[in-house]
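Listed below, chain by chain, are the residues.
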Amino acid sequence: MFTDLYEDLINKTEKLSLIGLGYVGMPIAVAFAKKLDVIGYDLNSSKIELYRSGVDPTNEVGNEAIRESSVQFTADESKLRGAKFHIVAVPTPVNDDHTPDLTPVKGASEILGRNLTKGSVVVFESTVYPGVTEEICVPILERESGLKCGTDFKIGYSPERINPGDKVHRLETIKKIVSGMDDEALDIIAKVYELVVDAGVYRAESIKVAEAAKVIENSQRDINIAFMNELSIIFNKMGIDTKAVLEAAGTKWNFLKFYPGLVGGHCIGVDPYYLTYKAEMMGYHSQIILAGRRINDDMGKYVAENCVKSLISANKSVKGARVAILGFTFKENCPDTRNTRIIDIVNELGEYGITPVITDPEADSDEAKKLYGIEFEDMSTIKKMDAVIIAVAHSCFTELTMNDIGKMFGEGKKVLLDIKGLFDRREYEKAGYSYWRL
Ligand SMILES: NC(=O)c1ccc[n+]([C@@H]2O[C@H](COP(=O)([O-])OP(=O)(O)OC[C@H]3O[C@@H](n4cnc5c(N)ncnc54)[C@H](O)[C@@H]3O)[C@@H](O)[C@H]2O)c1
């Protein structure tokens, strides 16, 4: 029943579907549509309308690629019946108490289950803890479809490694881990992904191995960044510039290149909680992973406190101080503001009676308004500031000259917080600035 699926997809007698067309699902759909017939389903019908009108709100593939793509965008779940190879790429956020929120994954499994036909292969791409695919998704698929996993349909898992805003590391150029419930499923899944991933695939030995591999990739980054943040706190107390220390230490061949910073978004700051949740269920209380999370989650507050200290040393009154924040997204050159930790700086400054002005030409301003009630100012209106916090390394900020930055300030000492260390500390200090960075 499954033996001809690959050929049927190539010959376009069968279709591939994407369930969830966000930062991950959309580029996959567009890439596969160059080779296969693709149905792109999302339950958000306004997003589907945008795609149909040729707009890419994620900026991952661009409007032109969407307009030219043959993906059949739909918000009608029954269209999924027309496909035999399904890829699920729905969000996997955490709840306020940091436990996994599997509502979208379960919801997508229900929708797909209701529309699953015999002979299908289902691949989950959402980042999860080991066991979610087989222990949570499969029972839902079986219940909703009335079909049996292993005989009527097969499953696999292939984690996504794309990096929004990164035009070098793309779906096509990153080696992709694939896994399947048995050799037959693995073979089909590997061959299908090989159609679009030029860098090739890595066949993991089981679905759980593939799930675990993804979740530790991001946990490893989180822990390493937490270590850098801890160093930054220590060196700040000692009056030593962390960036200078890291540059010096980085001359050793095996010193890892990580930098301090805010850890936001819906991957690095979230995925570790999936792993620690599952560990907790197994009776193990994580120590290193959760310690890293705590440090990283507190960095926004730490930046705001240092802004206040810098204002005080510059003889400026704190309450009502005019502070500008440049950048609001969770990472550079990307419009995504979900789970941005810049909001922690905003909230903490609010505790000191400061309402910062925020500018971000890259950010999705509608999303920021909806999620945080924040309205951005145009960068040209940033003037007469007491302090400026450069929070995100968007290209439009890295290109700023000292002259551009100087024009943003009013009377008195210019207090500059360059969180990402974009500028030359010594030059700014020489020019009389109060300069601070992580
Ligand atoms: N964005 C990244 O950088 C990245 C990288 C690697 C892995 N991931 C993982 O990939 C997964 C998807 O992330 P994303 O960034 O694309 O999320 P996203 O929020 O950008 O997109 C998810 C899409 O799924 C849709 N959706 C939600 N529930 C649905 C349902 N029941 N049926 C159909 N559609 C549904 C949403 O409307 C949205 O359009 C997550 O598990 C994430 O952790 C993301």
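Everything numeric in this text was worked out from a predicted model, so none of it was measured.

**Q** Would you take a moment to explain helix 12 (residues 299-313) for this structure?
**A** Every α-helix carries 3.6 residues per turn, so stepping three or four residues along brings you back to the same face. For helix 12, built from 15 residues, the straight-helix expectation of 21 Å at 1.5 Å per residue is met to within 8% by its first-to-last C-alpha distance of 21 Å. Among all positions of helix 12, only M299, G300, Y302, V303, A304, N306, C307, V308, S310 and L311 are buried.

**Q** How should I be thinking about the pairing of strand 1 (residues 16-19) in this particular structure?
**A** Residues L16 and L18 of strand 1 are buried on one face, and the alternating residues S17 and I19, pointing to the opposite face, are buried as well. Looking at chain direction, strand 1 and strand 2 (residues 38-41) are connected through four bridges and run parallel. The residue of strand 2 that forms the bridge with L18 is G40. For the crossover from strand 1 across helix 2 (residues 25-33) to strand 2, the handedness is right-handed.

**Q** Help me understand the site of the ligand, please; the structure alone is not making it clear to me.
**A** Close to the ligand lie 28 residues, the nearest being V24, D42, K47, T92 and R338. With respect to the ligand, the backbone of V90 contributes an N or O atom lying 3.4 Å from an oxygen atom. Between R338 and the ligand, the recorded distance is 2.6 Å, taken from a side-chain N or O atom to an oxygen atom. For the ligand, whose free accessible area comes to 830 Å², the fraction covered by protein is 93%.

**Q** What is the right way to read the packing of aromatic side chains from this model?
**A** We describe a pair of aromatic rings using the distance from one ring centre to the other and the angle between the two ring planes. All told, the structure shown has 11 aromatic pairs when counted by the stated rule. For the ring pair F409 and Y433, a centre distance of 5.8 Å and an interplane angle of 85° mean the geometry is edge-to-face. Here Y433 lies in the loop between helix 17 (425-430) and strand 13 (434-436) and F409 lies in the loop between helix 16 (402-406) and strand 12 (415-418), a separation of 24 residues in the sequence. According to the relative accessible area criterion, F409 is buried, its value standing at 8%. Judged by centre distance (5.8 Å) and plane angle (50°), the ring pair of F423 and Y428 falls under tilted.

**Q** Sorry, what's going on with the sheet that holds strand 2 here?
**A** Strand pairing in a sheet relies on backbone hydrogen bonds, with the paired strands running either antiparallel or parallel. On the basis of which strands lie adjacent, the open sheet formed by eight strands has the order 3-2-1-4-5-6-7-8 and mixed pairing. Whereas interior strands pair on both sides, the edge strands pair on one side only; in this sheet they are strand 3 (72-74) and strand 8 (201-203). Going across the sheet, the axis of each strand differs from the next one's by a mean of 25°, ignoring polarity. Pairing between strand 1 and strand 4 (residues 85-88): four bridges, direction parallel.

**Q** Sorry, what's going on with the environment of I225 here?
**A** Along the chain, I225 falls in helix 8 (residues 207-238). Put simply, I225 and A83 are 142 residues apart on the chain and 42 Å apart in space, counted from C-alpha to C-alpha. Aside from chain neighbours lying at most four places away, what touches I225 is F258, Y259, G261, V263 and N296.

**Q** Would you mind showing me how to read the sheet that holds strand 11 (residues 387-390) here?
**A** What the five strands build is an open sheet, ordered 10-9-11-12-13; its pairing is parallel. Strands with a single pairing partner mark the edges of an open sheet, and in this sheet they are strand 10 (357-359) and strand 13. Geometrically, the sheet is characterised by an average inter-axis angle of 15° between neighbouring strands, direction not taken into account. As defined by bridge partners, strand 9 (residues 323-326) adjoins strand 11 across four bridges and the pair is classed as parallel. Paired with V323 across the bridge in strand 11 is A387. Across the sheet, helix 13 (residues 342-351) is in contact with strand 9, strand 10 and strand 11; its angle to strand 9 comes to roughly 175°.

Each value, and the rule that gives it
Residues numbered from 1 in each chain as written. Predicted model: local features only at pLDDT ≥ 70, side-chain atom pairs only at ≥ 80, totals over all residues. Heavy atoms only, no water. Helix = DSSP H or I, 4+ residues; strand = E, 2+ residues; numbered from the N terminus. Expected span 1.5 Å × (residues − 1). Buried < 20%, exposed > 50% of the residue type's maximum accessible area, 1.4 Å probe, protein only. Pairing = 2+ DSSP bridges. Right-handed = clockwise from strand over helix to strand, strands pointing away. Near = heavy atom within 4 Å. Polar contact = N/O pair within 3.5 Å; in protein donor to acceptor, adjacent residues only side chain to side chain. Areas by Shrake-Rupley, 256 points an atom, 1.4 Å probe, with all protein chains shown as cover. Phe/Tyr/Trp six-rings, centres within 6.5 Å; stacked < 30°, edge-to-face > 60°. Axes fitted to C-alpha atoms, helices over the stretch in contact; angles between N-to-C directions. Contact = heavy atoms within 4.5 Å.

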